[in-house]
Amino acid sequence: MTQTGATAEAFVVKPGRDIVISYVETFRRELLTLIDQGHLNLVIDLDGVSMIDSKGLAIFMLCYKSLSAKGGKLTVLTNDQDLRYLFKVMRMDEMFTVTESL
Amino acid sequence: MFETTQNEGKLHLRMSATLENIDRADEAMVEFLKSRDAPVDMFAVRILLREGMLNAVVHGSGQDPDLPVTMDVELDAEGVGLTIEDTGPGFIWQNRSASFDLMGDGGRGIPLMQMYASRMAFNDSGNKVSFWRKYREAEVCQGATHGECQ
């Protein structure tokens, strides 16, 4: 179960496990439900995540596109250098913010 | 089915084509590589396993649990080799591009393989892929751990 919580400005989603094909459908549904509920400033906190595969990366793009269509914003929070590099080489950091801290 | 064999420093897995077994194969390889105490770029090798297994289980085998997928992991003096094979019809890998649609929902698997493998090759029919990833200590330029010094 993904942990969630709100800060003053954003809604934080913390999957706490690898975002890979065996989990992406559950994660996709959770994210789209949050967006449908009106949480348009989403932060995905990758603490506890050590791997994201190509199917997982696609979920981030889906989330980004869904939020953008509604004027929202996606931020990815991680200090894992491998994950930060993954978003960089896949050019996703050009779409949304990938940061070590809020 | 999920069978593990270790022989002369090699890890051999034979498993049913299920998503659960991708996770189990990942765990088995990580445990094996940690036990060998080699300077492996674990993230890079895990990405290669994940994308190779994803191709074999989902695209090659249609997630049919009656179809077997095999995986072999072997260390040499300079790096780690990973070979994944399914019994599906394969695909025309020559037509797959290293580029991808940034906004698209798919098509990132092959580019990820090419970015993180030091070397990779498909067999002619496209149902067997072999990766080789060099060790961290063999790399000489900054950023090489992520395949930038090929």
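Here, every reference points to the structure presented above.
Presented here is an overview of the structure given in this document. (Residues numbered from 1 in each chain as written. Chains lettered and ligands numbered in written order. Predicted model: local features only at pLDDT ≥ 70, side-chain atom pairs only at ≥ 80, totals over all residues.)

## A short note on the environment of A:F27
Of note, A:F27 is situated in helix α1 (residues 21-36). Placed 33 residues apart in sequence, A:F27 and A:F60 show a C-alpha to C-alpha distance of 9.9 Å. (Helix = DSSP H or I, 4+ residues; strand = E, 2+ residues; numbered from the N terminus.)

## So, the interface of chain B and chain A
Each side of the interface is counted separately: chain B has 18 residues, and chain A has 17 residues. Ranked by residues supplied to the side of chain B that touches chain A, first place goes to helix α2 (residues 42-60) of chain B with five residues. A class-by-class count of the residues in the side of chain B that touches chain A yields eight nonpolar, three polar and seven charged. (Contact = placed C-beta atoms within 7 Å. Nonpolar A, V, L, I, M, F, W, Y, C, P; charged D, E, K, R; others polar.)

## What to know about the packing of helix α1 (residues 19-36) of chain B against α2(B)
To characterise two packed helices, one gives the angle between the axes of the helices and the distance between these axes. All names here are of chain B. Close contact between α1 and α2 brings their axes to 10 Å; oriented N to C, the two are set at 150°. As summarised for this structure, α1 and α2 are arranged roughly antiparallel, according to the angle between their axes. The handedness of the crossing between α1 and α2 is right-handed. Only M42, V45, R46, L49, R50, M53, L54 and V57 of α2 make contact with α1, whose side of the interface consists of L19, I22, A25, D26, M29, V30 and L33. (Axes fitted to C-alpha atoms, helices over the stretch in contact; angles between N-to-C directions. Parallel < 35°, antiparallel > 145°, perpendicular 65-115°, else oblique. Left-handed = near helix turned anticlockwise from the far one by under 90°.)

## Quick notes on the sheet that holds strand β5 (residues 119-122) of chain B
Residues and elements named next belong to chain B. Pairing within the open sheet is antiparallel, and its six strands lie in the order β1-β2-β3-β4-β6-β5. What marks the edges here is a single partner per strand, and that holds for β1 (2-7) and β5. Mean inter-strand twist for the sheet, computed between neighbouring axes without regard to direction, equals 10°. Judged from the six bridges that link them, β1 and strand β2 (residues 10-16) form a sheet pairing that is antiparallel. Looking at the pairing, N7 lines up with K10 of β2. Packing of α1 onto the sheet brings it into contact with β1, β2, β3 (68-75) and β4 (79-86), and relative to β2 it is tilted by some 170°. (Pairing = 2+ DSSP bridges.)

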